[in-house]
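Per-entry structural report
Here's the letter readout for the chains.
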Amino acid sequence: MLDQGAPPHNGQPAAPPSPGVGARLMRRKPVELLVAEGGRGDGGSLRRSLGLWQLTMISIGATLGTGIFVVLGEAVPKAGPAVTLSFVIAGLTALFSALSYAELAGTIPVSGSSYSYAYATMGELIAWICGWCLMLEYGVSVAAVAVGWGEYLNELLDGTIGVTLPAALSAPPGDGGVFNLPALIVVLLAMAFLMGGARESARANTIMVVVKIAALVLFCAIGVQGFRSGNYENFMPLGMAGVSAAGATLFFSYIGFDAASTAGEEAKNAQRDLPRAIMLSLVIVTALYVLVAAVAVGAKPWQHFTDSEASLAQIMREVTGQSFWGTLLAFCAVVAIASVVLTVLYGQTRILFAMSRDGLVPKAFGRVSPKTGTPRTNTLIVSLFCGVLAAAVPLGQLADATSIGTLFAFALVNVAVVVLRRSRPEMPRTFRVPLSPLLPALGFAFCVWMMGSLSTVTWVVFGVWMAVGLVFYFLYGYRRSRLAAPATSEAK
């Protein structure tokens, strides 16, 4: 009779069975490993040079500007004067998710943002899906913001030297143009700043943030002089459905608050400063959004917001009867929107840096320049992609596509914070979501609700994007994942 405990004939113990496909898709990256690898790249390491002030400015820089300077003109026709309510709803949705981001950023202070949080809590496949959504959130939003930058650049040129760029070179196909040259230029300018280093980019961003906050305060001071209460008489002309639809579009305006979480490996004291920067930036941005939207609708009938994306500059001109103020605001908007491009592009490169380190995207995205301490190849590739996208695709399509990717990623973060609370309750946390799991559940529900308010076309684009992402994962990331290496070696 064969002895069941006898070793194989070659004298070697039997190899443990290779994990199945399901187990591989659910493999998680330990939090301790995520933190230990922080800053490490191929050829060098990221430099820890950012404090609370710089992190807060990064979040404000990535957030403040897009919704007010660009997307407001598209949201008002959907909700009417109730667009102020749309901003509040979008802000509440962002707040619930921001609480979850703050807890996870303080617990897992790495560059991958929600991608890394999902990897530690829900497994590799969900992490990949989240990372792929972040590419839609960050990469596409860079393009969307750059499109709006061209509108204000034309306003500035018209008010200063009396000329504008021809439509063929200042608008994408579908919006009356051939190639949006200004959109490409602003992305390339942001790329040049990022190539110089994180600290240098943060300094430039801080200056631009101060300029755009001053511009919005100036707009409110002047715009309120043209305030007409009659513009609010029919407050909700398109009903709650219009408010919801506008809120879903305006959520695009809040995507930057999580940009600080992508700087986790370049922050001096990440566990302390990241939660503070996230919450502080969201409060400042929401207050400014609601105030400016209220003044804008009070100064201009909501039916007239369909003619230009540079609506605030036009309101300033109409209220004062002088071109100077509109031109000044256009200049501030050019600076403001450039800072959004800079900081969001920064966030995208750091997320890809983290994914490259895990083996899920090519190594080129993880190479760090010893001279500048930045992923220069990564920055070059992402900038060229976003620049071409901005030059060729209309703003509205980009904004809605970005919103759905953002909402999906935020929904996963709300789940991740609850999962980590249950699986690792002993971990030190510098910030804790109050009333958990109630508030994370509300954050998840709000995200799902706002996703449902987006158009069918947006859902189709999102479905195609996710399908492409899954194909890439199974052809590349599934086999090259660093977590797959132990299983591969055991199976040999």
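Residues numbered from 1 in each chain as written. Predicted model: local features only at pLDDT ≥ 70, side-chain atom pairs only at ≥ 80, totals over all residues. Heavy atoms only, no water.

What about the side chain of Asn 414?
Tracing the chain through its elements places Asn 414 in helix H16 (residues 395–423). Relative accessible area serves as the criterion here: at 2%, Asn 414 is assigned to the buried category. At 2.9 Å, the side chain of Asn 414 forms a polar contact with the side chain of Ser 100. Setting aside residues no more than four positions away along its own chain, Asn 414 makes contact with Phe 96, Ser 97, Ser 100, Pro 440, Gly 443, Phe 444 and Cys 447. (Helix = DSSP H or I, 4+ residues; strand = E, 2+ residues; numbered from the N terminus. Buried < 20%, exposed > 50% of the residue type's maximum accessible area, 1.4 Å probe, protein only. Polar contact = N/O pair within 3.5 Å; in protein donor to acceptor, adjacent residues only side chain to side chain. Contact = heavy atoms within 4.5 Å.)

A closer look at the packing of aromatic side chains
Going through the model one piece at a time under the given rule, you end up with 20 aromatic pairs. Plain terms: the ring middles of Trp 128 and Phe 472 are 5.7 Å apart, the flat faces sit at 10° to each other, and that makes the pair stacked. Of this pair, Trp 128 sits in helix H7 (residues 124–160) while Phe 472 sits in helix H18 (residues 456–480); the two residues are 344 residues apart in sequence, bridging distant segments of the chain. On the basis of relative accessibility, which here comes to 31%, the residue Phe 472 falls in the partly exposed class. Through successive ring pairs, a cluster of aromatic residues spans Trp 128, Trp 132, Trp 465, Phe 472, Tyr 473, Phe 474, Tyr 476 and Tyr 478. (Phe/Tyr/Trp six-rings, centres within 6.5 Å; stacked < 30°, edge-to-face > 60°.)

Things to note about unusual backbone geometry
Look at the link from Ser 436 to Pro 437: it is a cis peptide, with omega at 10°. Mapped onto the elements, Pro 437 comes out in the loop between H16 and helix H17 (438–452). At Leu 435, a residue that is not glycine, the phi angle is positive and equals roughly 55°. With respect to the helices and strands, Leu 435 occurs in the loop between H16 and H17.

Quick word on H17
Across its 15 residues, H17 extends 21 Å between first and last C-alpha, which sits within 8% of the 21 Å expected from 1.5 Å per residue. Where H17 is concerned, the buried positions are Leu 439, Pro 440, Gly 443, Cys 447, Met 450 and Met 451. Each buried residue of H17 lies within a common arc of 115° when the element is viewed along its axis, so the set occupies one face. (Expected span 1.5 Å × (residues − 1). Arc of directions from axis to C-beta.)

Here we look at a nonpolar patch on the surface
A cluster of nonpolar residues, Leu 169, Val 178, Phe 179, Leu 181, Ile 185 and Leu 189, forms a patch on the protein surface that exposes about 490 Å² of accessible area. In terms of residue count, the dominant contributor to the nonpolar patch is helix H9 (residues 181–196) (3 residues). By the element assignment, Ile 185 lies in helix H9. (Patch = residues over 30% accessible without salt bridge, like charges linked within 9 Å, V, L, I, M, F, W, Y side chains within 5 Å. Areas by Shrake-Rupley, 256 points an atom, 1.4 Å probe, with all protein chains shown as cover. Salt bridge = Lys/Arg side-chain N within 4 Å of Asp/Glu carboxyl O.)

A look at the pattern of salt bridges
Counted according to the given criterion, the structure contains 12 salt bridges. Between Glu 37 and Arg 357 there is a salt bridge, with the nearest N and O atoms lying 3.9 Å from each other. Linking Glu 37 in the loop between helix H2 (31–36) and strand E1 (40–41) with Arg 357 in helix H14 (residues 323–357), this pair joins segments that are 320 residues apart in sequence. The same class applies to Glu 37 as to Arg 357, namely buried.

With respect to the nonpolar core
Judged by nonpolar contacts, the single largest core of 155 residues is most densely connected at Phe 69, Leu 72, Val 83, Phe 87, Tyr 152, Phe 219 and Leu 312. With 21 residues, H7 is the single largest residue contributor to this core. Leave out the neighbours within four places in its chain, and Leu 312 touches Ile 68, Phe 69, Leu 72, Tyr 152, Leu 216, Phe 219, Val 292, Ala 296 and Leu 329. (Core = buried A, V, L, I, M, F, W, Y, C linked by side-chain atoms within 4.5 Å.)

Quick word on the packing of helix H3 (residues 52–63) against helix H12 (residues 270–299)
Interhelical geometry of H3 versus H12 gives an angle of 40° and a closest axis separation of 8 Å. Relative to H12, the element H3 is oriented oblique. Crossing handedness for the pair H3 and H12: right-handed. For the pair H3 and H12, contact is made by Leu 52, Leu 55, Thr 56, Ser 59, Ile 60 and Thr 63 and by Asp 273, Leu 274, Arg 276, Ala 277, Leu 280, Ser 281, Ile 284, Val 285 and Tyr 289, respectively. For the contact of H3 with H12, the class distribution of residues is 9 nonpolar, 4 polar and 2 charged. (Axes fitted to C-alpha atoms, helices over the stretch in contact; angles between N-to-C directions. Parallel < 35°, antiparallel > 145°, perpendicular 65-115°, else oblique. Left-handed = near helix turned anticlockwise from the far one by under 90°. Nonpolar A, V, L, I, M, F, W, Y, C, P; charged D, E, K, R; others polar.)

As for the environment of Leu 55
Mapped onto the elements of the fold, Leu 55 is located in helix H3. On a C-alpha basis, the gap between Leu 55 and Ala 277 in space is 5.8 Å, while along the polypeptide they are 222 residues apart. Those residues in contact with Leu 55 that lie beyond four places of it in its chain are Leu 50, Ala 260, Ala 263, Ala 267, Asp 273, Leu 274 and Ala 277.

A few points about the environment of Leu 470
Checked against the element boundaries, Leu 470 lands in helix H18. When sequence neighbours within four positions are dropped, the list of residues in contact with Leu 470 reads Leu 125, Trp 128 and Ile 129.

What to know about the side chain of Asp 358
Summarising the element assignment, Asp 358 is placed in the loop between H14 and helix H15 (376–392). Of note is the side chain of Asp 358, whose polar atom sits 2.2 Å from the side chain of Lys 29. Asp 358 has contacts with Lys 29, Glu 37, Tyr 115, Tyr 119, Arg 480, Ser 481 and Arg 482, leaving out every residue within four places of it along the chain.

Focus on a positive patch on the surface
Together, Arg 47, Arg 199, Arg 203 and Lys 268 line one region of the surface with positive charge. Of note, Arg 199 is situated in helix H10 (residues 198–223). (Lys, Arg positive; Asp, Glu negative; His and termini not counted. Charge placed at Lys NZ, Arg CZ, Asp CG, Glu CD.)

Brief notes about the confidence of the model for the protein
Averaged over all residues, the pLDDT of the protein is 82; the fraction at 70 or higher stands at 89%. Element-level mean pLDDT values for the protein span from 49 in helix H19 (residues 484–491) up to 90 in helix H6 (residues 114–121). Low pLDDT, under 50, characterises residues 1–6; the predicted model gives this stretch 0 contacts beyond four residues in sequence or across chains. Overall, residues 487–492 carries pLDDT values under 50, and its contacts beyond four positions in sequence, including any with other chains, amount to 4 contacts. (pLDDT = per-residue confidence, 0-100.)

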